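Observations on chain architecture
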Amino acid sequence: MSAAVAPAAGDRADVLDALRGFALLGILITHVPDFTGYNYLSEPQRALLDPLGIDPSVASAVVLIIREKFLSLFSLLFGISFAVQLDSAIQRGAAFRVRFGRRLAALFVIGAAHAAIWYGDILKDYAVLGLALLLVSRWPVRRIAIAAGVFLAARLAWPSLVYWIASAVGAGHGGGAAPAQAFAEGVAGLSQGPGAFFRQNFGLVVLKAEQMIYEGRFLVILTMFFIGACIGKLRLYRNLAQHRRLLAWVLVVCGPVGAAANLALIPFEHDTNAFPPTRDWVAFQTLVAIAAPALCLAYASAFSLVWLAIKGGVLRVLAPVGRTALTSYVSQTLVLTIAFEFLGLGRGLGAAGCVAVAIVIFAAQCGLAWAWLQRFQYGPLEWVWRCATYAELIDIRRASRAPAVAAGSGTGAL
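The model shown is predicted, which means the values in this text are computed figures rather than measured ones.

1. Digging into the environment of A264
Among the secondary structure elements, A264 is positioned in helix α12 (residues 244-264). Along the backbone, A264 and F284 are 20 residues apart, and their C-alpha atoms lie at a distance of 8.6 Å.

Below you can see the structure in the form of structure tokens.
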């Protein structure tokens, strides 16, 4: 497709929104087993839930295809969204740093409230790590790309550094999986009533923060933030057809690299203790540091190429839930917490059942998001976030503004 027939502005926003919806589906699939408790069961307990013997294959597929990769994709899109907002502010002559600072502060408040009921919240982490984007908002693309490379190199070296520190302080190299056991015990305590739920959840939030540092996950998020910022600053999303060769090149390079690193993870997946760090743990974490970002970029490229091939097509159904990503992400937690923690449902679900539940919930969210955006410009939380960002009360009704799709994905999206 030539530049003369490039997609309209709304379509350019739609591909990012649809990709964000795609990322939300993957994140939901990985989260459901945490809420049902499946991830914390022993192998004999899992076998009792699996009369057909299909759960091990499903669980392995989720680990290899989805886990870490879709969170990386979500982080990539956050970086792109940052650059889109920066570009918009520059064109309007607005004070970007002040507004983006308020935006991050509001996101932290929302994330902290979300973390009160879900220890796996990522919003508060995005708000804190997003300060790095604020610091480099005036950097040229080349310098941001170099910084992304530095973060990636640091993530690759991080496991060896942790192992060396643990060895130096005498943490030991032997067995045990204390963090995993602590998580399992904490999750079990969530179902012991409202008081125990919030107390246990807070302990898990602390453990999760420690895990993010211990495993170097914060470095992956920063890497994807900065790669996304480069993509946004170069405006690669504005006319995908002009960048078809680049997308194909990224897919051809990152796909095999990510797949190879992913397959190499298989021998380590079930037999590697999380703590104290061992040489196997170092190898496992180093492979994750390669596989997750590489497959994330391969997924984004493949999605964009399919989008071009079918001119959006059926993928457009993902755009509404992507435009309401903040509301959708938090509402997933509310549904799963009420159903599985408070009502005690889902305790008999195996890996396949968890995936099925995730798909059903996501399908419902797609329909609800579409219906909501027929009347309103933003999702409920997106509207709160936007009002806090601009420090003014903004009309949420669609009729008073431009069409919903044309509003752009950078206005209220993660």
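2. Describing the confidence of the model for the protein chain
Averaged over every residue, the pLDDT of the protein chain is 85; residues scoring 70 or more account for 86%. A low-confidence stretch, residues 1-12 (pLDDT under 50), is modelled with 17 contacts involving residues beyond four sequence positions or located in other chains. Across residues 173-178 the pLDDT falls below 50, and counting only partners more than four positions away or on other chains, this stretch makes 15 contacts in the model.

3. Description of the environment of L318
Note that L318 resides in the loop between α14 (279-310) and α15 (319-323). Along the sequence, L318 and A369 sit 51 residues apart, while their C-alpha atoms lie 9.4 Å from each other.

4. Quick notes on helix α18 (residues 380-390)
Among the residues making up α18, those that are buried are E382, W385, R386, C387 and T389. The inward-facing, buried residues of α18 abut α5 (96-115), α15 and α16 (325-342). Taken from the residues just after α18, A391 is the one with a positive phi, measuring 55°.

5. A look at the packing of α5 against α16
At a closest axis distance of 11 Å, the pairing of α5 and α16 adopts a crossing angle of 15°. Classed by the angle they form, the pair α5 and α16 counts as roughly parallel. Regarding α5 and α16, the two cross each other, and that crossing is left-handed. For the pair formed by α5 and α16, the contact residues are L107, I110 and H114 on the first element and L326, Y329, V330 and T333 on the second. For the contact of α5 with α16, a count of residues per class yields five nonpolar, two polar and no charged.

6. Re the nonpolar core
If you look at the biggest cluster of nonpolar residues, it comprises 105 residues, and the most contacted ones within it are L73, L107, F225, F226 and L414. The dominant element in this core, judged by the number of residues it contributes, is α14, at 13 residues. When neighbours within four sequence positions are excluded, L414 is seen to be in contact with R20, F74, L77, F78, S81, L107, L123, A325, L326 and W385. In this structure, A261, L265, F284 and A291 belong to the second largest nonpolar core, which totals seven residues.

7. Re the packing of aromatic side chains
Applying the stated criterion to the full structure yields 18 aromatic pairs. Judged by centre distance (5.1 Å) and plane angle (65°), the rings of F82 and F100 are edge-to-face. With F82 in helix α4 (residues 69-92) and F100 in helix α5, this residue pair connects regions lying 18 residues apart in the sequence. Both residues of the pair, F82 and F100, belong to the buried class. Members of the aromatic cluster, joined through ring pairs, are F22, F70, Y299, F303 and W307. Directly above the aromatic system of W385 lies the positively charged group of R103, at a separation of 3.7 Å from the ring centroid. One residue, R143, lies across the ring of W139, its end atom 5.3 Å from the ring centre.

8. Describing the side chain of D50
Within the element layout of this structure, D50 appears in the loop between α2 (43-48) and α3 (55-66). Despite being buried, D50 has no salt bridge partner; R46 is the closest side chain of opposite charge, sitting 9.6 Å away. Only 3.1 Å separates the side chain of D50 from the backbone nitrogen of I54, close enough to count as a polar contact.

9. Quick word on the pattern of salt bridges
This structure, assessed with the given rule, holds eleven salt bridges. Where R316 meets D14, a salt bridge forms, and the shortest distance between an N and an O atom there is 3.0 Å. On the criterion of sequence distance, the pair formed by R316 in the loop between α14 and α15 and D14 in helix α1 (residues 9-36) is long-range, its members being 302 residues apart. Classification of R316 by relative accessible area gives partly exposed; the value is 28%. Across the pair D87 and R238 runs a salt bridge, and its minimum N-O distance is 2.9 Å.

Cut-offs applied
- Residues numbered from 1 in each chain as written.
- Predicted model: local features only at pLDDT ≥ 70, side-chain atom pairs only at ≥ 80, totals over all residues.
- Heavy atoms only, no water.
- Helix = DSSP H or I, 4+ residues; strand = E, 2+ residues; numbered from the N terminus.
- pLDDT = per-residue confidence, 0-100.
- Contact = heavy atoms within 4.5 Å.
- Buried < 20%, exposed > 50% of the residue type's maximum accessible area, 1.4 Å probe, protein only.
- Axes fitted to C-alpha atoms, helices over the stretch in contact; angles between N-to-C directions.
- Parallel < 35°, antiparallel > 145°, perpendicular 65-115°, else oblique.
- Left-handed = near helix turned anticlockwise from the far one by under 90°.
- Nonpolar A, V, L, I, M, F, W, Y, C, P; charged D, E, K, R; others polar.
- Core = buried A, V, L, I, M, F, W, Y, C linked by side-chain atoms within 4.5 Å.
- Phe/Tyr/Trp six-rings, centres within 6.5 Å; stacked < 30°, edge-to-face > 60°.
- Lys NZ or Arg CZ within 6 Å of the ring centre and 35° of its normal.
- Lys, Arg positive; Asp, Glu negative; His and termini not counted.
- Salt bridge = Lys/Arg side-chain N within 4 Å of Asp/Glu carboxyl O.
- Polar contact = N/O pair within 3.5 Å; in protein donor to acceptor, adjacent residues only side chain to side chain.

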